[in-house]
Amino acid sequence: MSDTAEIVIGNHRYANFRKYRIEHDLYAAAGIFEFELYPDSVVPVKVGMRAQVYINGFLELTGIIDRVVKKYSDKGRAIAVSGRDLMGLVVDSYCEDYRTISNTNLARAAERLLRTIPFINRLKITTDEAARRRDSLKPYLQPAPGDKIFDVLRGAAASRGVVFYAAANGALHFRKPAGRGAVVTNITRRTGEANAYIIEGERTQDFSERYSKYTVITQEQGIDSEDPPLINSIASVEDAGVPYYKPLVESIEEDSGSVRQRANMILEQRRAKSDMAKYRVKGHSQGVYNWAVDELVQVDDDELDIHEKLLIYRRVFELSREGIITELTLGEAGLVL
């Protein structure tokens, strides 16, 4: 399949451009894009305009242009355009309402904080089963002057062990990364067999920040400043994948119901980061499916000794002198980084 790309700015479709880079990461604050376009006298490109990217006919990004640079040289003229997906508006915007948000689920809290933000405030905000099941773990949110909306909502999501990100159409999601489901793409590297699409593969295993036991406590100081702290709640979880004893203890100022979830989340974060795979592959798709974050991939790589289903946490589409390339970062399915 020959991959196609279209960039839509305003109502004008660009199919002829020099290069592009579109990055989507489940754990980054916002997706980013960079285009280098040929000038078009019909539709001038301006900051603040909405941009969309279609790969093989499928919408892969909706964003706002932050920066435009017009340039020329003896090789011709070009327009360099860069910006972020619609989550960039959430990242930049500060809270204006400091009332306590009590006993409200994630979706309703987001609707309240985002009600004045353009483009995204009318889009559907979704939560998956994991987020809904854990909504009661933190009964209130307390925005303060100087807080950014994204930080408040991401913190609320993290306390429930879910991630907060923007979909390709600009809708906002609170969800646990995929841990099961259909696998529609694969990465295969067999020793001794010819490889037609993998440009580069890399696996990094690093146990320096991984622990065998994670303990989270809430505490308060005793009546006398010299008294030891009083422990209100404590939870511990163990990582059987670490072959030696190595404990981590963290103290948090949260309600007592959150300590076990926090301990589980730290375990997942450290475990996920201890074993990651990266690939650079030709093209943006496999069969009829574009490579996508939060999708499972069956990896069978003899060179890197990987034979399991992994989750795509980060994806970059790029057109450069190397051609049409996709960069993928994969890790253990279902974990929260």
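Residues numbered from 1 in each chain as written. Predicted model: local features only at pLDDT ≥ 70, side-chain atom pairs only at ≥ 80, totals over all residues. Heavy atoms only, no water.

Re the pattern of salt bridges
The condition is simple: Here, a salt bridge means any side-chain nitrogen of Lys or Arg that lies within 4 Å of a carboxyl oxygen of Asp or Glu. Numbering of helices and strands starts at the N terminus; helices are DSSP runs of H or I of at least 4 residues and strands are runs of E of at least 2. Any residue under 20% of the maximum accessible area for its type is buried, any over 50% is exposed, and the rest in between are partly exposed; the area is computed with a 1.4 Å probe on protein chains only.
Summed over the entire model, instances satisfying the criterion amount to 24 salt bridges. Close ionic contact of Arg314 with Glu23 constitutes a salt bridge, the shortest N to O distance being 3.1 Å. Linking Arg314 in strand β22 (residues 306-320) with Glu23 in strand β3 (residues 17-25), this pair joins segments that are 291 residues apart in sequence. Comparing Arg314 with Glu23, the two get one shared label, buried. Ionic pairing is found between Glu268 and Lys176, a salt bridge with its closest N-O pair at 2.9 Å. With Glu268 in helix α5 (residues 259-273) and Lys176 in the loop between β12 (172-175) and β13 (185-189), the pair connects residues that are 92 residues apart, well separated along the chain. Exposure remark for Glu268: the relative accessible area of 15% places this residue in the buried category. Through salt bridges with shared partners, a single ionic network connects Arg21, Glu23, Arg280, Arg314, Glu318, Glu322 and Glu327.

Things to note about the environment of Glu327
Heads up, the rule is: The contact criterion used is simple: two residues touch if any of their non-hydrogen atoms lie within 4.5 Å. The term polar contact refers here to a pair of N or O atoms within 3.5 Å; inside protein, the definition further demands a hydrogen-donor-capable atom paired with an acceptor-capable atom, and it admits residues adjacent in sequence only when both atoms are side-chain atoms.
Following the sequence through the fold, Glu327 ends up in strand β23 (residues 323-332). C-alpha separation for the pair Glu327 and Val297, spaced 30 residues apart in sequence, amounts to 14 Å. With residues up to four places along the chain from it excluded, the contact list for Glu327 reads Arg21, Tyr279, Arg280, Arg314, Arg315, Val316 and Glu318. At a separation of 2.7 Å, a polar atom in the side chain of Glu327 contacts the side chain of Arg280.

Considering the side chain of Arg280
Within the secondary structure, Arg280 sits in strand β18 (residues 275-282). By relative accessible area, which is 14% here, Arg280 ends up buried. Within the structure, the side chain of Arg280 is placed 2.9 Å from the side chain of Glu322, a separation counted as a polar contact. Apart from the residues within four sequence positions on either side, Arg280 is in contact with Tyr197, Ile198, Ile199, Glu200, Glu318, Glu322, Ile325, Thr326 and Glu327.

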